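Read off the chains here:
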Amino acid sequence: MGTDRNATLTAMKRRQGDAHGKTPTADGGRRIPDTPVIAVIEGDGIGPDIWAAARLVLDAAVSTVYGDSRRIQWVEVLAGEKAYKETGEWLSKETLEVIRDHGVAIKGPLTTPVGKGIRSLNVALRRRLGLYACIRPIRHIPGVPSPMRHPERVNIVVFRENTEDVYAGIEWEAKSRGARTVIAFLRDTMSVDVDRDSAIGIKPMSRGASRRLVARAIQYALDHHLASVTLMHKGNIMKYTEGAFMKWGYEVAQELFGDDVVVESDQGAADEPKLPADKVIIKDRMADMMFQQVLLRPESYHVIATPNLNGDYLSDALAAQVGGLGMAPGANMGDNCAVFEATHGTAPKYAGKDKANPVSLILSGAMMLEHLGWPEAALVVEQAIQKTIADGLVTHDLARQMPGVREVKCSEFAERLVERLR
Ligand code: NAP
């Protein structure tokens, strides 16, 4: 391994941390074997195409770096349309048990069944497996077209709460019995005037789930030597939910991380106050202002911790800043289980056409390799993606924005990438 490569690896270990560090690991603290079993949900629509590409790349990366000494044993579990066709169930108990048993899974996108059965498979999966943190690292890959003048300044990890807020799914249709009952209660008991024909949604946010998410984000920043954690909220309007998220965030920062953190507002009123370099700065920003900030001064933000709906909007907007959802990886993590997934949907118009961009799923696989404690394999994957794109070999979605490149199919992109793994 050359000096440059060692330096990059060290930097990457610093950036991404050590899977055996303080952050809870997928195996709940057990040693990860050299041949771990990983559950795979292939996904619907473009899922089979991008999974075939990702598997080729991930297996080749592990073999390139570790030879025969390490290997992943993939085990397919059913969810989504394939599961429904074969078993009549969208998401079975067995699938959840296999993922729980092995602690790590990777998944392609799943169709949300419209008007039947389960409300959203992705939400169900996250809630039932206790995957309370949706983690999206957003960084620019050189050469990828971006609407930003300086996309390289974006290097932000979003921690989005994954179990409450709108994901709790408490809603009643206008004029339904549920809506009428809640409205009557609000009018008669709480003296709150709500139009009788309103639809009703309830947004629960608890102290426990908010603290758990913020604590995980701060631990991540500490483990990865990142400068700040920003609590993004809309607490000026929703004081007792969003505002409380911020309050509980500061509270857990002080209680659990005491000497390792400083609060930005305690450091004086200057626009760029002098902050201690060896501590994580905890700050907060209103959600609307946050969207401006990540466009105008993205380099001031490192980790952002936020409730569910804010995080949903922000992570897609940030992904667009570095080239779109086809390029952005993601993971949903709990304390004992982690599911790595493409951040885009099933893109039905490209299903079966071998045309989709597999980078989101491949990079999610790289996150998974780091999580397993195999950062060298993750690094060669990231570097090979960069080389393939730099050599002008890209899938349709990028080719239409990049003059002078060669458009390749999803499968060929993976093959060319494997050639660049060394
Ligand atoms: P989508 O599947 O993400 O696709 C929207 C558009 O984004 C596509 O038409 C395509 O744009 C582009 N795109 C997305 N992924 C791409 C890729 N890998 N390569 C190239 N282009 C890509 O969003 P949607 O149409 O709103 O949702 C379709 C289904 O997916 C729905 O059932 C939805 O519920 C589900 N979904 C699942 C997940 C998940 O499983 N995590 C997430 C989101 C949505 P162009 O048309 O411009 O080429």
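Residues numbered from 1 in each chain as written. Predicted model: local features only at pLDDT ≥ 70, side-chain atom pairs only at ≥ 80, totals over all residues. Heavy atoms only, no water.

## Notes on the packing of helix α2 (residues 47-66) against helix α12 (residues 375-390)
Thinking step 1. As a packed pair, α2 and α12 sit with axes 9 Å apart at the nearest point and diverge in direction by 120°. Regarding the angle of α2 to α12, the classification is oblique. The crossing of α2 and α12 is right-handed. Where α2 abuts α12, its residues Val 57, Ala 61, Val 62, Val 65 and Tyr 66 lie against Pro 375, Glu 376, Ala 377, Val 380 and Val 381.
Thinking step 2. In the contact of α2 with α12, the residues fall into 9 nonpolar, no polar and 1 charged. (Axes fitted to C-alpha atoms, helices over the stretch in contact; angles between N-to-C directions. Helix = DSSP H or I, 4+ residues; strand = E, 2+ residues; numbered from the N terminus. Parallel < 35°, antiparallel > 145°, perpendicular 65-115°, else oblique. Left-handed = near helix turned anticlockwise from the far one by under 90°. Contact = heavy atoms within 4.5 Å. Nonpolar A, V, L, I, M, F, W, Y, C, P; charged D, E, K, R; others polar.)

## Quick word on the site of the ligand
Thinking step 1. Lining the immediate environment of the ligand, one finds 19 residues, of which Thr 112, Gly 345, Ala 347, Lys 349 and Tyr 350 sit closest.
Thinking step 2. Between an oxygen atom of the ligand and a side-chain N or O atom of Thr 112, the distance comes to 2.7 Å.
Thinking step 3. Within the side chain of Arg 400, one N or O atom sits 3.0 Å away from an oxygen atom of the ligand.
Thinking step 4. In isolation the ligand offers 870 Å² of accessible surface; the protein chains occlude 67% of this area.
Thinking step 5. Split by residue class, the shell around the ligand holds 7 nonpolar, 7 polar and 5 charged. (Near = heavy atom within 4 Å. Polar contact = N/O pair within 3.5 Å; in protein donor to acceptor, adjacent residues only side chain to side chain. Areas by Shrake-Rupley, 256 points an atom, 1.4 Å probe, with all protein chains shown as cover.)

## Considering the sheet that holds strand β13 (residues 338-342)
Thinking step 1. Within the open sheet, the 11 strands sit side by side as β2-β1-β3-β13-β12-β4-β5-β11-β8-β10-β9. Their pairing is mixed. Every interior strand has two partners, whereas the edge strands, β2 (73-76) and β9 (261-263), have only one. Here the average twist between neighbouring strands, direction ignored, is 25°.
Thinking step 2. In terms of strand pairing, strand β1 (residues 37-41) meets strand β3 (residues 104-107) through 3 bridges, oriented parallel. Its bridge partner lying in β3, Ile 41 is registered against Lys 107.
Thinking step 3. On top of the sheet, helix α10 (residues 308-321) reaches β4 (133-139), β5 (155-161), β8 (228-233) and β11 (303-306); it is set at about 155° to β5, its chief contact. (Pairing = 2+ DSSP bridges.)

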